[in-house]
Amino acid sequence: MDVLSSRVLLRTADPVRSQAFYRDVLGLAVHREFGPPEHPGVVFFLGNGLLEVSGAAAGPPRGLALWVQVRDLAAEVDRLAAAGVPVLEEPRQQPWGLLEATVADPDGVQLVLVEVPADHPLRRDQR
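Rules and cut-offs
- Residues numbered from 1 in each chain as written.
- Predicted model: local features only at pLDDT ≥ 70, side-chain atom pairs only at ≥ 80, totals over all residues.
- Heavy atoms only, no water.
- Domains from an automatic or database assignment.
- Buried area = accessible area lost by both parts, 1.4 Å probe.
- Salt bridge = Lys/Arg side-chain N within 4 Å of Asp/Glu carboxyl O.
- Helix = DSSP H or I, 4+ residues; strand = E, 2+ residues; numbered from the N terminus.
- Nonpolar A, V, L, I, M, F, W, Y, C, P; charged D, E, K, R; others polar.
- Pairing = 2+ DSSP bridges.
- Axes fitted to C-alpha atoms, helices over the stretch in contact; angles between N-to-C directions.
- Buried < 20%, exposed > 50% of the residue type's maximum accessible area, 1.4 Å probe, protein only.
- Core = buried A, V, L, I, M, F, W, Y, C linked by side-chain atoms within 4.5 Å.
- Contact = heavy atoms within 4.5 Å.
- Phe/Tyr/Trp six-rings, centres within 6.5 Å; stacked < 30°, edge-to-face > 60°.

### What to know about the domain arrangement of the protein
- Domain annotation of the protein identifies domain 1 (1–58) and domain 2 (60–126).
- Each of domain 1 and domain 2 has a C-alpha centre, and the two are 20 Å apart.
- Summing both sides of the interface, domain 1 and domain 2 together bury roughly 1,100 Å²; the carbon and sulfur share of this comes to 70%.
- Counting the surface domain 1 buries against domain 2, the share from its top three residues, Phe21, Val25 and Leu26, is 37%.
- For the pair domain 1 and domain 2, the number of links is one salt bridge.
- For the salt bridge of Asp107 with Arg17, the shortest nitrogen-to-oxygen distance reads 2.8 Å.
- Elements that contribute at least two residues to the side of domain 1 that touches domain 2 include exactly strand 1 (8–12) and helix 1 (15–25).
- Residue contributions to the side of domain 1 that touches domain 2 peak at five residues, all from helix 1.
- Considering only residue class, the side of domain 1 that touches domain 2 consists of nine nonpolar, two polar and two charged.

Laid out in C-alpha cells, this is it:
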C-alpha cells in the first residue's frame, strides 16, 4: 500500500456539537470545510494528523481514543476543566515516563493528553 494521505473519521450523534467542541473548546485549527452549507464536514489539524468530524451516526462513537501531545499538560487540563470538559484521569506520570491525562469530548470519546518530559528518551537526539 502506498499511502498518500490519511485522517481519523469521527461520526457522532451530533456533528454540529462535536465540531464546536473540537474547534471552540479544544481550539483545533480548521484544515478545510466541505459539503453542503447546512451540514458541512470539518477537517481539523491534529498535530501531524487530521481529524474529520462529519456525517451523523445513530449513537456515540465506540472504542475510539485520540492521543494528543501538548506542550503543557497541567495548563491544558486546567483550561479544559474550567470550560466544563470532563476530566476522566488527572495528570500523572505513567510507568513509561510520559505525563498523561484523559478528558472526554461531548460523545464520551476519550482524548489522552500527553506531555513528553524534558528528560524522556523521546526528547533526546537518537543520532
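### Observations regarding the sheet that holds strand 6 (residues 87–93)
- Spatial ordering of the open sheet is given by 5-8-7-6, a layout of four strands whose pairing is mixed. Each end of this open sheet is capped by a strand with a single partner; those strands are strand 5 (65–69) and strand 6. Across the sheet, the mean angle separating the axes of adjacent strands is 15° when strand polarity is ignored.
- Here strand 7 (residues 99–104) runs beside strand 8 (residues 110–115); their pairing, made up of six bridges, is antiparallel.

### A closer look at the pairing of strand 5
- Every second residue of strand 5 is oriented toward a common face, the buried set being Leu66 and Val68 and the non-buried set Ala65, Trp67 and Gln69.
- Bridge count for strand 5 against strand 8 is five bridges, and the pairing is parallel. When the bridges of strand 8 are listed, Val68 appears paired with Leu113.

### Re the nonpolar core
- Within the largest apolar cluster, 22 residues are counted, with the highest numbers of intra-cluster contacts made by Tyr22, Leu26, Leu28, Leu51, Leu111 and Leu113.
- Residues within four places of Tyr22 in sequence aside, it is in contact with Leu10, Gly27, Leu28, Phe44, Leu51, Val53, Leu66, Asp105, Val109 and Leu111.

### Details of the packing of aromatic side chains
- Applying the stated criterion to the full structure yields two aromatic pairs.
- Each ring, one from Phe21 and one from Tyr22, has its centre 5.1 Å from the other, and the planes form 90°; the classification is edge-to-face. The same class applies to Phe21 and to Tyr22, which are both buried.
- Arranged with centres 6.3 Å apart and planes meeting at 40°, the rings of Tyr22 and Phe44 form a pair that is tilted. With Tyr22 in helix 1 and Phe44 in strand 3 (residues 41–46), the pair connects residues that are 22 residues apart, well separated along the chain. Both residues of the pair, Tyr22 and Phe44, count as buried.
- In this structure an aromatic cluster arises from ring pairing among Phe21, Tyr22 and Phe44.

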